[in-house]
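What the coordinates show
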Amino acid sequence: MAALSSKPNHVRSISLPGRSHPITQRVEEEINKLKSLSVAPTADTVYSGLFGLEKLYKCIDDLFNLPQTLCQSLDAKLIEDLLDKSVRLLDVCGTTRELVSQYKENVRDLQSSLRRRKGDSTTDDNVTRFNSFSKKIKRDAKRLVLTLKQMDQETAISVLLDADEDTIDAIRALREANAVCISTFQMLLSFLCVPLLKPKQSKWSLLSRLVQKDRIAPELQEGNASLETRLGTFGAYLDSFEKALEATFRCLIRSRSSLLNVLSC
C-alpha cells in the first residue's frame, strides 16, 4: 500500500540515561516497539500501532503519577508546548476517529445495497456515491497528515532550570511518545487513503445497457461476491480501528490530566 509521503521513516531507538525505574524502562520499550512499525501501512501494522499507543500512554500516565516525577523548575515555554501538543493530539485523534466512523457507516450502506440488488442499476449508483465519499475521506486525511507533519516539525525552545534527572527523563519520554503518536496517526490516515474499490466496477454499468441482464448475471454475481468480501474485511478493520482510537483518546485525556496535575503542584 502506498503511503502519503515517499520520504522514508527512519527507525531509531531511544536511550534515556539513568533510567533505573521499571516504569521508565517500560516507556522506552513501548516507544521502541512503535518505532519499529514505521513501514508502509497495512491493517495489521495500523492496529498494532494503535494498540501500542494505548499501552504507551498508560505507561506515561504511571510515570507522571510517580512521586516527584516533575519538579517545578520547568521553563514556561516548555510547559506551554507540552500542554498545547496534548490538546492538538486529542483534536487529531477525535477527528480521525470520526473519519473512521463515517467510513465504516458508508461501507455498511454499500454492503446493504449489494444484498438488496435485484438486477437493477441501484448498486452502480451506490458504488459511485461510495467512491465519491472515499475521495472526500482521502482529502480530509491528507489535510490531517499536513497538520501532523507541522506538529512533528515544531520544536519548542525550552530550558530545564535545575531539573533533576527524573524530570528530564519524564519530559523526554513524553516528547518521544507524542512523536510516535503522530507517526501512528499518519500511518492510519495513509491506510484510509488507499482505494478500496477498483475502477473496473463501472464497466458493469456500461454492459448492462448493451447486453441483456440475464446474460451478464453470472459475471455480476461474481463481481458482487468479490466486492462484498472486500467490504466485509475492510469494515472489520475499520471497526477495530475505531475501538482502538476510542481507547487511545481516553488515554490521551488521562495523560493530559496527569500532566496538568503534576505541573500545577
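Report follows, based on the coordinates. (Residues numbered from 1 in each chain as written. Predicted model: local features only at pLDDT ≥ 70, side-chain atom pairs only at ≥ 80, totals over all residues. Heavy atoms only, no water.)

What to know about the environment of Cys-251
Spelled out, the test is: Strands here are runs of E lasting at least two residues and helices are runs of H or I lasting at least four, both read from the DSSP assignment and numbered beginning at the N terminus.
Mapped onto the fold, Cys-251 is located in helix 7 (residues 213–263). Residues Cys-251 and Leu-53, spaced 198 residues apart in sequence, show a C-alpha to C-alpha distance of 8.5 Å.

Here we look at the state of the cysteines
Stated precisely, the cut-off is as follows: Any pair of cysteine sulfurs within 2.5 Å is marked as a disulfide. Relative accessibility decides the category of a residue: with a 1.4 Å probe and only protein chains considered, values under 20% of the type maximum give buried, values over 50% give exposed, and everything between is partly exposed.
Inspection of every chain in the model, using the stated rule, returns 0 disulfides. Cys-93 carries a free sulfur, and the closest cysteine sulfur to it, the one in Cys-181, is 6.8 Å from it. According to the relative accessible area criterion, Cys-93 is buried, its value standing at 0%.

Some remarks on empty space enclosed by the protein
Defined as follows: Cavities and pockets were defined on a 1 Å grid built over protein atoms only: a cavity is a set of grid points that admits a 1.4 Å probe from which the probe cannot escape, a pocket is an open set flanked by protein on both sides within 12 Å along at least five of seven lines, and lining residues are those with an atom within 4 Å of any such point. Grid points are joined across faces, edges and corners, and a volume is the space filled by probe spheres set on the points. All residues other than Ala, Val, Leu, Ile, Met, Phe, Trp, Tyr, Cys, Pro, Asp, Glu, Lys and Arg, Gly among them, are scored as polar; the first ten of these are nonpolar and the last four charged.
All chains considered together, the criterion is met by 3 cavities of 30 Å³ or more. Computed from the structure, the largest cavity encloses a volume of approximately 80 Å³. Every residue along the wall of the largest cavity is listed here: Tyr-57, Leu-82, Ser-86, Leu-89, Leu-174, Asn-178, Leu-252, Ser-255, Arg-256 and Leu-259. Counting residues per element, the ones that place at least two in the lining of the largest cavity are helix 3 (76–116), helix 5 (165–192) and helix 7. Residue contributions to the lining of the largest cavity peak at 4 residues, all from helix 7. Here the lining of the largest cavity is composed, by residue class, of 6 nonpolar, 3 polar and 1 charged.

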